[in-house]
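Read off the chains here:
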Amino acid sequence: MTENVGGFEDPPAEVLAEAAAAFGLLASSARLHLMWALAQGESDVTHLANRVGGALPAVSQHLAKLKLAGLVRSRREGRRQVYYIDDPDIVTLVRVMVGQMTARAGQSAVPAHRLRRIGG
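Residues numbered from 1 in each chain as written. Predicted model: local features only at pLDDT ≥ 70, side-chain atom pairs only at ≥ 80, totals over all residues. Heavy atoms only, no water.

Peer 1: Give a description of the pairing of strand β5 (residues 80-84) that names residues and reports values.
Peer 2: Pairing of strand β3 (residues 43-44) with β5, which is carried by two bridges, proceeds in the antiparallel orientation. Paired with D44 across the strands is V82, a residue of β5. Bridge analysis of strand β4 (residues 73-77) against β5 gives five bridges, and the strand direction is antiparallel. Across the sheet, R75 pairs through a bridge with V82, a residue of β5. Taking the residues that link successive antiparallel strands as the turn, the β4-β5 hairpin has two residues, and the phi of G78 there is positive, at about 65°. (Pairing = 2+ DSSP bridges. Helix = DSSP H or I, 4+ residues; strand = E, 2+ residues; numbered from the N terminus.)

This is the structure:
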């Protein structure tokens with residue numbers, strides 16, 4: 001049964017499971033860095049690997065997972081595969097979360113290693 005609190009109905013269990021899976025993918029700092037980079041604009045795998053400091057095969061695997069989850073899309077331009085985020089809400093989500101953590105970095109924020117323990 002879904003409850004309506006403050007004008008918002010609780011989402012179905014399937015929707016929550018799907019959202020949790022997407023957040024799970026973003027729990028990897030490498031994938032989150034890729035999403036941050038793609039939130040700034042489209043890019044090919046080589047440029048993304050250079051930007052995030054990852055090996056090309058690892059970056060390709062991360063992008064494949066993000067694409068499979070529907071968080072990123074790609075298109076072919078000649079021999080290059082160009083990745084992008086076409087959902088403005090995903091771009092906003094990534095920018096807000098990373099922006100908030102960046103803003104807190106200079107303040108007395110909870111260190112990342114403590115967040116990992118809290119998150120279970």
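Once the structure has been displayed, the description carries forward.
Peer 1: Lay out the environment of A64 with the relevant residues and their values.
Peer 2: The topology assignment puts A64 in helix α4 (residues 56-68). Taking the C-alpha atoms as reference, A64 lies 9.7 Å from S74; in sequence the two are ten residues apart.

Peer 1: Can you break down the environment of A37 residue by residue, with the values?
Peer 2: When you line up the elements, A37 lands in helix α2 (residues 29-40). Spatially, the C-alpha atoms of A37 and R51 are 7.9 Å apart, while their sequence positions differ by 14 residues. With residues near it in sequence (within four places) discarded, A37 still touches L48 and R51. (Contact = heavy atoms within 4.5 Å.)

From the geometry alone we can't say anything about function, so treat these as descriptive.
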